[in-house]
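# A look at the structure
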Amino acid sequence: MTTKRSPRFRWLVSLLLFIVLETISLIMISESSFVQQLKINGAYMSVRGALAQAGSDIKYYFNLREVNADLSAENGTLLAELERYRASDICKDSAEVKYNYIPASIVANSTNNKQNFIIIDKGRRDGVKEDMGVVSPLGVAGVVSRVSEKYSYVISLLNVNQSISARIGKSGAFGPLFWDGKSASKAILADIPQHINISIGDTIYTSGYSTIFPPEIPIGTAGKSKIVRGTHKEIEVNLFQNFRTLKYVRVVKNRDKEELDNLIINDETGSK
Amino acid sequence: MMKQGVNNTIIFFSFLIAQLLVSNFIDFGPMVFIVLYPLFILTLPVGISSLSILLWAFAIGAGTDLLYNGMAGINSASAVLMAFLRQPVQALLIRKGELDSQIRPGMFEMGFGRFFAYSALLLAIHHLAYVFAESLSFVYFSGNISRLLISYAVNLTLLMLIEFGIFYKNWR
């Protein structure tokens, strides 16, 4: 205000500031994992904590009925599975379980963006590591992206950049399952060969071909399908899990993950 | 000058809190995103320097980005672009010296028609930037166009209603 500059100079300065601020924003977008780490570290969560906690508590209270229904449905399937294990003798040694689960509850969740994220209240000290899968009572919730001491940042299944390996129950054909950003209760299963017949209502399961999710978790039912580029089928999947009422999830701990990942890396570097 | 700065700070925090509450509690599914802070950027006083407009816009965009668990950087990128183009759009609609330099360019001061054109133009710029920043490419544009149009209609209506309901006569 004290020094009088020419309007052109002032315009140039504001253009410069504009470019600087836009660059910062674009860096935030492209380095999103760094920002995620920032978000779940102590100071940030305590600033945000009050709002998020109150918010999710109120939402949780209004959705109690549905959350309860989900949990009891999961209970039912787990009991059935337990009965099956009791009947057979496969699983005598309980130390030999391949998948362990860390129960967690959701601090923050969203379904109204293209990139949705979930923050859960379990972190490094509870044994959560990056790239672990997160399953919900009625399906798959996402994959852990960043971990702090007490919290983890999860890329939700409802994120256009996320994809998981899934297969059709009846035929066993598998492909990537991803979200197209159009509806919070639908996802797309792509790359299914054309000759595979799918009837509406077929159950879609996780394939277990990645080290992230255990196999045979029901995700949803098949809906309409269409042929894309004349070569592959794309199937609409109606998800079992309602992400709006999600409250409790489990983080999947795969005992053999490191071994398998090492095997893959060694194989790639070994065979030049 | 001092009083104006204090006023802006109060309005800034009210908009930030309102935005966070709306993003956290109101959920119409992935086809609609609701933004309230564009009204804050639109109605910063006319005489304020373009540098401080950019900084205010960045502050409210980055605040929304960091305190909400969406993708970081989207809101700040679009808010800053909107703030940068505020001056040229104003120059289209307001004659030089018509509004007092301390005044807030609101519906009461500009008249309904001009305020509508002013906010419609800048909000369109904001929404285009928002959708492009989300996918960082033009590839998904056809998939996003319905999301863009629905959100634009919702946000423009909300913006006009808030301006009319809260700021129209009470604020001078």
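This structure is a prediction, so every number in the text was calculated from the model and none was measured.

### Concerning the overall build of chain A
A count of helices and strands for chain A gives five helices and 12 strands. For chain A, the proportion of its 272 residues judged to be buried stands at 42%. Contacts spanning at least 24 positions in sequence make up 61% of the contacts within chain A whose residues lie at least 6 apart.

### Quick word on the overall build of chain B
Within chain B, the regular secondary structure consists of eight helices and zero strands. For chain B, the succession of helices and strands along the chain, N to C, is α-α-α-α-α-α-α-α. Classification of the 172 residues of chain B by burial places 52% in the buried group. As displayed, chain B has an accessible area near 7,400 Å², and 73% of this comes from carbon and sulfur atoms.

### Description of the domain arrangement of chain A
Residue and element names in this part refer to chain A. Domains assigned within chain A are domain 1 (21–91) and domain 2 (94–266). One C-alpha centre belongs to domain 1, the other to domain 2; they are set 13 Å apart. Listed per partner, the contact involves 21 residues of domain 1 and 24 residues of domain 2. Surface buried jointly by domain 1 and domain 2 totals about 2,000 Å² across both partners, of which 57% is contributed by carbon and sulfur atoms. Counting the surface domain 1 buries against domain 2, the share from its top three residues, Gln36, Ile40 and Asp70, is 28%. Summed over the shared surface of domain 1 and domain 2, the result is one salt bridge.

### Examining the packing of aromatic side chains
This structure, assessed with the given rule, holds 11 aromatic pairs over all chains. Taken together, a centroid distance of 5.3 Å and an interplanar angle of 40 degrees make the contact between Phe117 of chain A and Tyr153 of chain A tilted. In this pair, Phe117 of chain A is assigned in strand β2 (residues 115–120) and Tyr153 of chain A in strand β5 (residues 152–159), connecting sequence segments 36 residues apart. As far as burial versus exposure is concerned, Phe117 of chain A and Tyr153 of chain A are alike and both buried. Each residue in the set Phe12, Phe13, Phe15, Phe40 and Trp56 of chain B is aromatic and connected to the rest through ring pairs, giving one cluster. Here the basic side chain of Arg250 of chain A rests over the ring of Tyr101 of chain A, its NZ or CZ set 4.5 Å away from the ring centre.

### Comments concerning the interface of chain A and chain B
Of the residues lining the interface, 39 residues belong to chain A; the matching set on chain B comes to 41 residues. Summed over both partners, the interface of chain A with chain B comes to about 3,600 Å²; 65% of that surface belongs to carbon and sulfur atoms. Across the chain A-chain B interface, the total number found is zero salt bridges. At the junction of chain A with chain B, the criterion picks out four residue pairs in polar contact (both at pLDDT 80 or more).

### Things to note about the sheet that holds β5 of chain A
All names here are of chain A. Pairing is antiparallel in the closed barrel, where six strands are placed in the order β1-β2-β5-β4-β3-β12. Neighbour to neighbour, the strand axes of the sheet diverge by 45 degrees on average, direction disregarded. Pairing of strand β4 (residues 139–147) with β5, which is carried by five bridges, proceeds in the antiparallel orientation. From the neighbouring strand, Val143 faces β5, where its bridge partner is Ile155.

### Some details on the nonpolar core
Ranked by size, the top nonpolar core spans 59 residues in total, and within it Phe40, Ile41, Leu54, Ile60 and Phe115 of chain B carry the most contacts. Considering each element in turn, this core owes the most residues, eight residues, to helix α7 (residues 112–135) of chain B. Each of domain 1 (21–91) and domain 2 (94–266) of chain A accounts for three or more of the residues forming this core. Among all residues touching Ile41 of chain B, those that are not within four sequence positions of it are Ala57, Ile60, Ala79, Met82, Ala83 and Arg86 of chain B. In terms of nonpolar packing, the next biggest core, distinct from the first, is built from 43 residues, Ala141, Val154, Leu189 and Leu239 of chain A among them.

### Here's the deal with helix α3 (residues 50–67) of chain B
Counted at 1.5 Å a residue, the expected span for α3 of chain B with its 18 residues is 26 Å, and the 26 Å between its end C-alpha atoms agrees. For α3 of chain B, the complete set of buried residues consists of Ile53, Leu54, Trp56, Ala57, Phe58, Ile60, Gly61, Ala62, Gly63, Thr64 and Asp65 of chain B.

### As for the pattern of salt bridges
Residues and elements named next belong to chain B. Applying the stated rule across the entire model yields four salt bridges over all chains. As a salt-bridge pair, Arg147 and Glu134 come within 2.4 Å of each other at their nearest N and O atoms. Linking Arg147 in helix α8 (residues 141–167) with Glu134 in helix α7, this pair joins segments that are 13 residues apart in sequence. For the pair Arg147 and Glu134, a shared accessibility class is recorded, and that class is buried.

### Quick look at a nonpolar patch on the surface
Taken together, Ile58, Tyr61, Phe62 and Leu64 of chain A together with Phe13, Ile17, Leu21, Phe25, Ile26 and Phe28 of chain B make up a surface patch of nonpolar side chains, about 1,000 Å² in accessible area. Elements that contribute at least two residues to the nonpolar patch include exactly α3 (42–62) of chain A together with α1 (2–25) of chain B. Take the nonpolar patch: its biggest share by element is four residues, from α1 of chain B. Mapped onto the elements, Phe62 of chain A comes out in helix α3.

### Section: the side chain of Arg147 of chain B
Overall, the relative accessible area of 0% leaves Arg147 of chain B in the buried class. In terms of polar contacts, Arg147 of chain B uses its side chain to reach the side chain of Glu134 of chain B, at 2.4 Å. When residues no more than four places from it in sequence are discounted, the contact partners of Arg147 of chain B are Asn112, Asn113 and Lys114 of chain A together with Pro30, Met31, Phe33, Tyr130 and Glu134 of chain B.

Calculation rules
- Residues numbered from 1 in each chain as written.
- Chains lettered and ligands numbered in written order.
- Predicted model: local features only at pLDDT ≥ 70, side-chain atom pairs only at ≥ 80, totals over all residues.
- Heavy atoms only, no water.
- Helix = DSSP H or I, 4+ residues; strand = E, 2+ residues; numbered from the N terminus.
- Buried < 20%, exposed > 50% of the residue type's maximum accessible area, 1.4 Å probe, protein only.
- Contact = heavy atoms within 4.5 Å.
- Areas by Shrake-Rupley, 256 points an atom, 1.4 Å probe, with all protein chains shown as cover.
- Domains from an automatic or database assignment.
- Buried area = accessible area lost by both parts, 1.4 Å probe.
- Salt bridge = Lys/Arg side-chain N within 4 Å of Asp/Glu carboxyl O.
- Phe/Tyr/Trp six-rings, centres within 6.5 Å; stacked < 30°, edge-to-face > 60°.
- Lys NZ or Arg CZ within 6 Å of the ring centre and 35° of its normal.
- Polar contact = N/O pair within 3.5 Å; in protein donor to acceptor, adjacent residues only side chain to side chain.
- Pairing = 2+ DSSP bridges.
- Axes fitted to C-alpha atoms, helices over the stretch in contact; angles between N-to-C directions.
- Core = buried A, V, L, I, M, F, W, Y, C linked by side-chain atoms within 4.5 Å.
- Expected span 1.5 Å × (residues − 1).
- Patch = residues over 30% accessible without salt bridge, like charges linked within 9 Å, V, L, I, M, F, W, Y side chains within 5 Å.

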